[in-house]
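Results of the structural survey
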Amino acid sequence: MSASTPGGCILGDVVPSGLRGFESALRPPATRFAALRREIASPSLSFLMEAHDGLSAKIVEEAGFRGIWASGLTMSAALGLRDSNEASWTQVLDVLEYMADATTLPILVDGDTGHGNFNNVRRFVRKLCERGLAGVCLEDKLFPKTNSFIGEGQPLADIEEFCGRIKAGKDSQLDDDFVLVARVEALVSGLGMEEALRRAEAYHRAGADAILIHSKQSTADEIFAFARHWANRAPLVIVPTMYYATPTALFREAGISTVIWANHLLRAAIVAMRETAARIRRDESLLRVEGQVASVKDIFRLVGNAELEQAEKRYLPARPTAAAIVLAASGGDPGGSGAGRPKCMVDIRGRSLLATLVGTLRESGIRDIAVVRGYGREAVRLGGVRMVDNDRHAETGEAWSLACAREAIRGETVLAYGDVLFRRYVLDSLLASGADAVLAVDASGGARRGPSPSLPDLVVADRRFSGHFLDDAPAHLRRVANDIPPEEACGEWMGLARFSARGAGWLREEIAALEAEGLLETADLPLLLTRLAARHPVQVLYFTGPCWLDVDTLGDLAEARNFG
Ligand code: SPV
Ligand code: MG
């Protein structure tokens, strides 16, 4: 019989009789299932290398192997457990999922006994297929299993019962190329060659795609004898852990399909980890170890940090590069309760007002933050921000304080009063605005309820807030001052503004102009902003609702403690 492949190659005569049914595997594999089937079926000797977790799976792939053996012994040992089904099958499945995610290689899973009877095998095989695990090896032992190299004469499963497990596994596979390897333990259990062949034949008839003939002898004699008798009726898989000295060329000559190097990565890791731990313990130093161990960079490379960097560029919003200047030079504790404590240092639920404000700036991605302090400046402390001192805070105003930090007005700049709290979306809206200069304005007029020692910075713009949430037409500043009659005002400036790099240039020019006119010492920010608006477009962004707080009074303070 012969068959024609899409590639035009005539199969049949060239496919050894034991490999019949694997013809499709000779085409390039489209899936991991097909890839494993091809490895097992190929007339040339294939190798599966042991892995026991995601990292070791990556190392197997990096070494150039074309398939992985997910060893029951090493997966359980890596969990600190015995190879006696101590890990539940779902825990094993979790490990396998990490391995499948970590590599593109096909994985042959050591399924032990199938974790029970035919019914457990059915569910196990379905779950393996769902997770892209390309094949399973089932051994003809009883649950809970014991490793083949422990003890003598382990009891084996009844042949018919085990054939039921094989049939159930094959009937449950979700991909036609899923590979089920039946493992014959008759030689290991001392039942002899005839029993081994009888079992292999029965398992093959039950639907096994390949036979793993296991041996614990130190030579491969019984393996070669088995292979001769078997005569390639189905692919043969071997595990030469005990007969490791046998030259691989002899496995080729014997027509073996696949060699499993079953546990050597874990064993290598044990030696390396033991030596490293002992050396560090002895030396109480890393000096002789560094250079002998993988670099941290190597870990990053293995787990694919470069890919994450690329993905971050693609999927994360571009980080704002804005800097911020917080004006915190004036004023004492609201209500005077803090005996000289600067207002920005009052306690808001265990954090200073300044720390809360800076926290909001940081949440919006602002890292470069300068705080201008003056009144009670020794008490103004906060890690990770730059402190700029206004030594003349008693006789100067806000524009002077701002000028003290003029070095920081370079690129995109956020300007905030040191005694305000605002919700993050207010700042994010300013940062997202395309305007070169933009102020956050409370259009609800409800920010100040009680009597306040300082007057609100009221705003007149070219357009009032329409009251509609879809109101996104730009409004522009005409004037901001604290002596505007409330009925003329469009809202209250929240003490928060943002300038683009261009807008920051306008701000620097305006500071210089005030200085040249001798007004810098006395000018407040409303004056500076009003002058700016006379020369350049300064946008107003309206907000409503309880999205900010100006901490001026004890009442404000109580409210601030509930803000968040
Ligand atoms: C394993 O690697 O878990 C195996 C092979 O089953 S052996 O340890 O040789 O039984
Ligand atoms: Mg095992």
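Remember, it's a predicted structure, so these values are computed and weren't measured experimentally.

Observations concerning the overall build of the chain
Broken down by element type, the chain carries 18 helices and 23 strands. Sequence-distant contacts, at least 24 apart, represent 71% of the contacts inside the chain between residues at least 6 apart. Of the roughly 26,600 Å² of accessible surface on the chain, 53% is carried by carbon and sulfur atoms.

Let's talk about helix α8 (residues 221–230)
Three- or four-residue spacings in an α-helix give side chains the same orientation, since the helix completes a turn every 3.6 residues. By the criterion of burial, α8 is predominantly enclosed, with seven of the 10 residues buried. Residues of α8 that are buried: Glu222, Ile223, Phe224, Ala225, Phe226, Ala227 and Trp230. In this fold, the buried residues of α8 make contact with α7 (193–206), β8 (210–213), β9 (236–238) and α9 (248–253).

Topic: the pattern of salt bridges
The tally for this structure, following the rule as stated, stands at 40 salt bridges. Between Arg410 and Asp368 there is a salt bridge; the shortest N-O distance is 4.0 Å. A residue pair is termed long-range when its members are at least 10 positions apart, and Arg410 in the loop between α14 (398–404) and β16 (413–417) and Asp368 in strand β14 (residues 368–373) qualify at 42 residues. Across the pair Arg406 and Glu515 runs a salt bridge whose closest N-O atoms are separated by 3.1 Å. Of this pair, Arg406 sits in the loop between α14 and β16 while Glu515 sits in helix α16 (residues 501–516), and the two are 109 residues apart along the sequence. Among the charged side chains, a salt-bridge network with shared partners connects Asp83, Asp112, Glu139, Lys141, Lys145, Arg183 and Glu185.

Topic: the site of ligand 1
Surrounding ligand 1, one finds Trp69, Ser71, Gly72, Leu73, Asp110, Asn147, Ser148, Phe149, Arg183, His214, Val239 and Ala262. Take Trp69: an N or O atom from its side chain is 3.1 Å from an oxygen atom of ligand 1. Measuring from an oxygen atom of ligand 1, one finds a side-chain N or O atom of Asn147 at 3.1 Å. When ligand 1 sits alone it has 280 Å² of accessible area, and the protein chains cover 100% of it.

Concerning the confidence of the model for the chain
The predicted model of the chain has a mean per-residue pLDDT of 90, with 88% of residues at 70 or higher. Confidence, expressed as mean pLDDT per element, reaches its minimum in the chain at strand β2 (residues 10–11) with 29 and its maximum at strand β4 (residues 68–70) with 99.

Let's talk about the sheet that holds strand β3 (residues 46–51)
Where strands meet in a sheet, backbone hydrogen bonds hold them as pairs that are either parallel or antiparallel. Spatially, eight strands are ordered β3-β4-β5-β6-β7-β8-β9-β10 in a closed barrel, and the strand pairing comes out parallel. In this sheet, neighbouring strand axes are inclined to one another by 25° on average, regardless of whether the strands run parallel or antiparallel. Pairing between strand β7 (residues 179–184) and β8: four bridges, direction parallel. For Arg183, the partnering residue across the bridge sits in β8 and is Leu212. Its contacts with the sheet put helix α1 (residues 32–41) on β3, β5 (107–110), β6 (135–139), β7, β8, β9 and β10 (258–261), and the angle it makes with β7 is roughly 45°.

Some thoughts on the environment of Ala533
Along the polypeptide, Ala533 turns up in helix α17 (residues 525–535). With 54 residues separating them in the primary sequence, Ala533 and Arg479 have C-alpha atoms 7.4 Å apart. Setting aside residues up to four positions removed in sequence, Ala533 forms contacts with Leu477, Arg478 and Val538.

Here's the deal with the packing of aromatic side chains
With the rule as written, the count across this model stands at 10 aromatic pairs. Summarising the aromatic geometry, the rings of Phe47 and Trp261 are spaced 5.6 Å apart at their centres and angled 5° between planes, so their arrangement reads as stacked. Here Phe47 is found in strand β3, whereas its partner Trp261 is found in strand β10, with 214 residues between them in sequence. Look at Phe47 and you get partly exposed, because its relative accessible area is 21%. Put simply, the rings of Phe224, Tyr243 and Phe251 touch in pairs and so form one group of aromatic residues. Lying across the ring of Trp400, Arg392 places its NZ or CZ 4.8 Å from the centre.

Examining the pairing of strand β22 (residues 539–543)
Among the five residues of β22, four are classified as buried, and the element is accordingly described as predominantly covered. Two strands pair when backbone bridges link them, and strand β18 (residues 437–442) and β22 are joined in this way by five bridges, in the parallel orientation. Residue pairing in the sheet places Leu439 in a bridge with Val540 of β22.

Considerations on unusual backbone geometry
Cis geometry marks the peptide bond from Phe143 to Pro144, where omega comes out at -5°. Of note, Pro144 is situated in the loop between β6 and α6 (159–172). Positive phi, close to 50°, is recorded for Asp112, a residue that is not glycine. The topology assignment puts Asp112 in the loop between β5 and α5 (118–130). Positive phi, normally seen in glycine, also occurs at Asn232, with a value near 60°. Residue position: Asn232 is located in the loop between α8 and β9.

A few points about the pairing of β14
The element β14 is extensively covered by neighbouring structure, given that five of its six residues are classed as buried. As paired elements, strand β11 (residues 323–328) and β14 share six bridges and run parallel to each other. Each residue of the ladder has a partner; that of Val326, found in β14, is Val371. Two strands pair when backbone bridges link them, and β14 and strand β15 (residues 386–389) are joined in this way by four bridges, in the parallel orientation. By the bridge assignment, Val371 is partnered in β15 with Met387.

Topic: helix α4 (residues 89–102)
The end-to-end C-alpha distance of α4, which contains 14 residues, comes to 20 Å, matching closely the 20 Å that a straight helix rising 1.5 Å per residue would cover. Buried residues of α4: Val92, Leu93, Val95, Leu96, Met99, Ala100 and Ala102, and no others.

A few points about the packing of helix α2 (residues 54–62) against α4
It is at 8 Å that the axes of α2 and α4 come closest, and there the two elements cross at 35°. The element α2 and its partner α4 pack so that their crossing is right-handed. Counting all contacts with α2, which are made through Gly54, Ala57, Lys58 and Glu61, the residues of α4 involved are Tyr98, Met99 and Ala102. Residue composition of the contact of α2 with α4, by class: four nonpolar, one polar and two charged.

Considerations on the packing of α6 against α7
Two numbers describe a pair of packed helices, the interaxial angle and the distance between the axes. Relative to each other, α6 and α7 sit at 35°, their axes nearing to 9 Å. As α6 runs across α7, the sense of the crossing is right-handed. Contact residues: α6 offers Ile159, Phe162, Cys163, Ile166 and Lys167, while α7 offers Glu195, Arg198, Arg199, Ala202, Tyr203 and Ala206. Split by residue class, the contact of α6 with α7 holds seven nonpolar, no polar and four charged.

Basis of the calculations
Throughout, residues of each chain are indexed from 1 in the direction in which the sequence is written. Whichever chain is written first becomes A and whichever ligand is written first becomes 1, with later ones labelled in order. Restriction of local features to residues with pLDDT of at least 70 applies here, the model being predicted, together with a cutoff of 80 or more for giving and counting side-chain atom pairs; totals for whole chains, interfaces and linings are based on all residues. For the side-chain quantities, the full set of heavy atoms in the structure was used; hydrogens and water were omitted. Numbering goes from the N terminus for both helices and strands, where a helix is a DSSP run of H or I of at least four residues and a strand is a run of E of at least two. Should any heavy atoms of two residues lie within 4.5 Å, those residues are considered in contact. In this description, accessible areas are obtained by the Shrake-Rupley approach with a 1.4 Å probe, and a residue is regarded as covered only by the protein chains that are shown. The cut-offs for exposure are 20% and 50% of the maximum accessible area for each residue type, with area from a 1.4 Å probe on protein chains only; residues under the lower value are buried, those over the upper are exposed, and the others partly exposed. When a carboxyl oxygen of Asp or Glu is within 4 Å of a side-chain nitrogen of Lys or Arg, the pair counts as a salt bridge. The near set for a molecule or strand comprises every residue that places at least one heavy atom within 4 Å of it. Two N or O atoms form a polar contact when they lie within 3.5 Å of each other; inside protein one atom must be a possible hydrogen donor and the other a possible acceptor, and for residues adjacent in sequence the pair counts only when both atoms belong to side chains. A residue's pLDDT is the predictor's confidence in that residue, given on a scale from 0 to 100. When DSSP finds two or more bridges between two strands, those strands count as paired. Note on definitions: angles span 0 to 180 degrees between N-to-C directions of axes, and those axes are lines fitted to C-alpha atoms, for helices only across the stretch in contact. Aromatic rings from Phe, Tyr and Trp, with only the six-membered ring used for Trp, were paired whenever their centres fell within 6.5 Å, and each pair was classed as stacked if the ring planes differed by under 30 degrees, edge-to-face if by over 60, and tilted otherwise. To sit over a ring, a charge needs its Lys NZ or Arg CZ within 6 Å of the ring centre and within 35 degrees of the ring normal. Given a helix with a known number of residues, its expected span is that number minus one, times 1.5 Å. Definitions for this section: a left-handed crossing has its near helix turned counterclockwise from the far helix by less than a right angle. A right-handed crossing has that turn clockwise. The nonpolar class holds Ala, Val, Leu, Ile, Met, Phe, Trp, Tyr, Cys and Pro. Asp, Glu, Lys and Arg form the charged class, and all remaining residues, Gly among them, are polar.

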